[in-house]
Amino acid sequence: MSLLEKRWNELADVKDELAERDWFMGTSGNLAIKVSDNPLQFLVTASGKDKRKRTDEDFLLVDEFGRPVGDTHLKPSAETLLHVEIYRRTNAGCSLHVHTIDNNIVSEIYGDQGEVKFKGQELIKAFNKWDEDAVLKIPIIHNYAHIPTLAKAFSEHISEDSGAVLIRNHGITVWGKDAFEAKKVLEASEFLFRYQLRLLEHKPYQLFKVV
Ligand SMILES: CSC[C@@H](O)[C@@H](O)C(=O)COP(=O)(O)O
Ligand SMILES: [Zn+2]
């Protein structure tokens, strides 16, 4: 099996798992996996597809500018430039973007603060935060309709080989060294968002707690 096929299957498996969680409502979401560093090429989901279906046209190979490699009738994800920023700036091997109700609500509640913080929660270890006093900060950026502007705002928060950024009232983009790590960060983020929203139902004053 070629490396391209191996990466294709890995990404298809992640896509199936996220679909199982119903994280691709209304064709939203896009996924990418790096295939080579030099030249930079990665597989990205084709735009506008129902990502719950598994087909031979789910992904296409793109270059360091997010342009298709070779002839294809498929269109790369509208948000390919965000994935480009990740692979250009880090050693990440996989990046995932999903829209969920929870990540949208958290992004709206904390959007004016520009970030949401978590402290004293076991799952921040998924972000390599091991100290008891460690604070996880997930940045929240404005949802610019102009994708190059969105990608630029997004790129300002990419500093490590794994991470997460919320786009206000839009969704989350995460990345990690491989598909396993990216999925771990995504699942941990969604756990923390669900936790935070449930906590606010029981303790609304937590909203004003300064971490
Ligand atoms: C149909 S709403 C979602 C899109 O606008 C976009 O945000 C998204 O996540 C999916 O776009 P796509 O071009 O299919 O990758
Ligand atoms: Zn999106």
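Not measured: the values here are computed from a predicted model. (Residues numbered from 1 in each chain as written. Chains lettered and ligands numbered in written order. Predicted model: local features only at pLDDT ≥ 70, side-chain atom pairs only at ≥ 80, totals over all residues. Heavy atoms only, no water.)

1. Details of the coordination of the zinc ion (ligand 2)
Next up, step 1: The coordination sphere of the zinc ion (ligand 2) contains the protein donors E79 (OE), H97 (NE2), H99 (NE2) and H170 (NE2), at a distance range of 2.1 to 2.6 Å.
Next up, step 2: The site at the zinc ion (ligand 2) holds 6 donor atoms, and with the angles between them running 74 to 171 degrees, its shape is octahedral.
Next up, step 3: Within one chain, the residues serving as donors to the zinc ion (ligand 2) are arranged as E-x17-H-x1-H-x70-H.
Next up, step 4: Given a relative accessible area of 1%, H97 falls into the buried group.
Next up, step 5: Relative accessible area serves as the criterion here: at 24%, H99 is assigned to the partly exposed category. (Donors = N, O, S within 2.8 Å, 3.2 Å for Na, K, Ca; no water. Tetrahedral: all angles 85-135°; square planar, octahedral: opposite > 155°, others 65-115°. Buried < 20%, exposed > 50% of the residue type's maximum accessible area, 1.4 Å probe, protein only.)

2. What to know about the packing of aromatic side chains
Next up, step 1: In total, this model carries 4 aromatic pairs according to the counting rule given.
Next up, step 2: Summarising the aromatic geometry, the rings of F42 and Y87 are spaced 4.8 Å apart at their centres and angled 45 degrees between planes, so their arrangement reads as tilted. Placement of the pair is F42 in strand β2 (residues 40-45) and Y87 in helix α2 (residues 80-89), with a sequence separation of 45 residues. The residues F42 and Y87 share a single accessibility class, namely buried.
Next up, step 3: Plain terms: the ring middles of F118 and F193 are 6.3 Å apart, the flat faces sit at 45 degrees to each other, and that makes the pair tilted. With F118 in strand β5 (residues 115-119) and F193 in helix α5 (residues 179-202), the pair connects residues that are 75 residues apart, well separated along the chain. (Phe/Tyr/Trp six-rings, centres within 6.5 Å; stacked < 30°, edge-to-face > 60°. Helix = DSSP H or I, 4+ residues; strand = E, 2+ residues; numbered from the N terminus.)

3. Remarks on the site of ligand 1
Next up, step 1: Taken together, 14 residues lie near ligand 1, and S47, G48, K51, S77 and E79 sit nearest.
Next up, step 2: N30 is positioned with one of its side-chain polar atoms (N or O) 3.0 Å from an oxygen atom of ligand 1.
Next up, step 3: Across the complex, the protein chains shield 72% of the 420 Å² of accessible surface that ligand 1 would expose by itself.
Next up, step 4: Considered class by class, the residues forming the shell around ligand 1 number 1 nonpolar, 11 polar and 2 charged. (Near = heavy atom within 4 Å. Polar contact = N/O pair within 3.5 Å; in protein donor to acceptor, adjacent residues only side chain to side chain. Areas by Shrake-Rupley, 256 points an atom, 1.4 Å probe, with all protein chains shown as cover. Nonpolar A, V, L, I, M, F, W, Y, C, P; charged D, E, K, R; others polar.)

4. So, the UniProt feature "domain: Class II aldolase/adducin N-terminal" (unreviewed entry) in the protein chain
Next up, step 1: In the numbering used here, UniProt assigns the feature "domain: Class II aldolase/adducin N-terminal" (unreviewed entry) to residues 9-197.
Next up, step 2: Here residues 9-197 runs as 32% helix and 24% strand, with 34 Å between its end C-alpha atoms. (UniProt positions renumbered as here; feature names shortened; annotations may be inferred.)

5. Considerations on the confidence of the model for the protein chain
Next up, step 1: The predicted model of the protein chain has a mean per-residue pLDDT of 97, with 100% of residues at 70 or higher.
Next up, step 2: For this predicted complex, the interface score ipTM comes out at 0.97, while the overall pTM is 0.97. (pLDDT = per-residue confidence, 0-100.)

6. Remarks on the nonpolar core
Next up, step 1: With 40 residues, the main nonpolar core has L18, L96, V116, F127 and I138 as its most contacted residues.
Next up, step 2: Per-element accounting of this core gives the leading share, 9 residues, to α5.
Next up, step 3: When residues no more than four places from it in sequence are discounted, the contact partners of I138 are G114, E115, V116, F118, F127, A164, V165, L166, S189 and F193.
Next up, step 4: Core analysis: the next-biggest nonpolar cluster, separate from the first, contains 23 residues, A32, V84, I147 and L150 among them. (Core = buried A, V, L, I, M, F, W, Y, C linked by side-chain atoms within 4.5 Å. Contact = heavy atoms within 4.5 Å.)

7. With respect to the side chain of N30
Next up, step 1: With respect to the helices and strands, the residue N30 is situated in strand β1 (residues 30-37).
Next up, step 2: Take N30: its relative accessible area is 4%, and that puts it in the buried class.
Next up, step 3: There is a polar contact of 3.2 Å between the side chain of N30 and the side chain of S77.
Next up, step 4: Engagement of the side chain of N30 in a polar contact is seen with the side chain of H83, the distance being 2.7 Å.

8. Focus: unusual backbone geometry
Next up, step 1: With an omega dihedral of 5 degrees, the bond running from N38 to P39 counts as a cis peptide bond.
Next up, step 2: Along the chain, the position of P39 falls in the loop between β1 and β2.
Next up, step 3: If you check the backbone angles, T27 has positive phi at about 70 degrees while not being a glycine.
Next up, step 4: Secondary-structure assignment places T27 in the loop between α1 (3-20) and β1.
Next up, step 5: Residue T27 is classed as partly exposed on the basis of its relative accessible area of 36%.
Next up, step 6: At N128, a position not held by glycine, the phi torsion is positive, near 65 degrees.
Next up, step 7: Its place among the elements puts N128 in the loop between β5 and β6 (135-141).
Next up, step 8: Residue classification places N128 among the exposed residues on the basis of a relative accessible area of 54%.

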